[in-house]
Amino acid sequence: MAHTGGVDLGGTKIQVAIVGHGGEVVGQARRPTPTQGGPKDVVEEIAGALREAADEAGMKTSDLDGIGIGSPGKVDDDAGTVAGARNLPGWEGAFDVRKTLEKLCGARVALGNDVQVATDAEFALGAARQYASLLGVFWGTGVGGGIVLDGKPWIGRDAAGEIGHVVVRPGGALCGCGRRGCMEAYAGRASMEGRARRRSNRGEKTVLFKIMEDRGRTRLTSGVWARALDRGDPMARQLLDRAVKALGVGIASSQNLLDVEAIIIGGGLGLRLGHPYVDRIREAMMPHLFNDERPPAIELAALGDLGGAIGASLLISSGERLEA
Ligand SMILES: [Zn+2]
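The structure presented is a predicted model; accordingly, all values stated were derived computationally and were not measured.

Draft legend 1. Molecular detail of the coordination of the zinc ion. Protein-derived ligands of the zinc ion are His165 (ND1), Cys175 (SG), Cys177 (SG) and Cys182 (SG), with the metal-ligand distances lying across 2.0 to 2.4 Å. Here the zinc ion binds four donor atoms, and the angle range of 105 to 116 degrees at the metal identifies the geometry as tetrahedral. Assessed through its relative accessible area of 26%, Cys177 is described here as partly exposed.

Draft legend 2. Broad picture of the sheet that holds strand 13 (residues 297-300). Judged by pairing direction, the sheet is mixed, and its five strands sit side by side in the order 11-10-9-12-13 without closing on themselves. Each end of this open sheet is capped by a strand with a single partner; those strands are strand 11 (152-153) and strand 13. Examined bridge by bridge, strand 10 (residues 143-149) and strand 11 share two bridges and lie antiparallel to one another. Across the sheet, residue Leu149 finds its bridge partner in strand 11, namely Lys152. Where helix 3 (residues 114-124) meets the sheet, its contacts fall on strand 9 (134-139), strand 10, strand 11 and strand 12 (262-266), and the angle it forms with strand 10 comes to roughly 50 degrees.

Draft legend 3. Layout of helix 7 (residues 222-230). Within the sequence span of helix 7, burial applies to Ser222, Gly223, Val224, Trp225, Ala226 and Ala228. The secondary structure elements touched by the buried residues of helix 7 are helix 5 (189-201), helix 6 (208-214), helix 8 (234-258) and helix 9 (267-285). Immediately downstream of helix 7, the backbone of Gly232 shows phi near 75 degrees, a positive value.

Draft legend 4. Spotlight on unusual backbone geometry. In this model, Asp150 sits at a positive phi of 50 degrees, which is unusual for a non-glycine residue. Structurally, the position occupied by Asp150 is in the loop between strand 10 and strand 11. A relative accessible area of 70% means that Asp150 is categorised as exposed. For Asp259, which is not glycine, the phi dihedral falls at a positive 50 degrees. Note on placement: Asp259 falls in the loop between helix 8 and strand 12.

Reading guide: rules and limits
- Residues numbered from 1 in each chain as written.
- Predicted model: local features only at pLDDT ≥ 70, side-chain atom pairs only at ≥ 80, totals over all residues.
- Heavy atoms only, no water.
- Donors = N, O, S within 2.8 Å, 3.2 Å for Na, K, Ca; no water.
- Tetrahedral: all angles 85-135°; square planar, octahedral: opposite > 155°, others 65-115°.
- Buried < 20%, exposed > 50% of the residue type's maximum accessible area, 1.4 Å probe, protein only.
- Pairing = 2+ DSSP bridges.
- Helix = DSSP H or I, 4+ residues; strand = E, 2+ residues; numbered from the N terminus.
- Contact = heavy atoms within 4.5 Å.
- Axes fitted to C-alpha atoms, helices over the stretch in contact; angles between N-to-C directions.

Shown next, in the form of structure tokens:
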């Protein structure tokens, strides 16, 4: 009857799941990530979401075997801290997430990288169950990557899997990281939005921003892109074509280096655009694949929106950490 908590901490939302031994979700909650304040406010919001999800599962957070958090920024599980989470409010320096959350929830806490735990979830329970090696590509605001080799996560010295910053065009478009020509500068939703705005400001027609306003959004979400595509918006189609091309180059180049069995496509845009776009990414990869006679399996992430939270919960079952 052991249950664990999983937290997917994102720049937009905090998704929490209470997960049973077999990976089944028995409770969940979702809250917007605070946009003001600092790390302590964010962690208090996480604790609130955990209480809500635990309540749905008929338990208290202190009944949990532990709580795993998949976090952006620089994650140090030994120290229990997260630093430099750029998308979270006032989160520059290192903040002791473990101590703060353990006090609030009465359960032990383990930390992992957000994209890596989502990759681990697909490996353990999702689309990559039958494979021993995989590359997870999370196509959303940015483009994140996670790697599993010979059944084990590969995080390098701490920063492996940054597939969004694989260079697809030297001297090309400016990336959010400050460098040029990264895959993310073409395929990341934030970069695509910037480009759409510039083109729209120059007088080019598009329904993207109209749909955004009609739906009460302040950003071009994955749903906005999908709707514009459904309406045949030429700008949306062009920018997504460009993104797919960049993804094809970047993922194929990564595959030439790693030769993994499977590539899993997830993330907000990946999940929203679904199988037709997974097929398009596969096609865009083919001309750049060195071993094109034996391409990897390319599949859509199976755990959907909950993959990050489920993956975070696995940090507990796989670790032996126990602190007083
Ligand atoms: Zn970059």
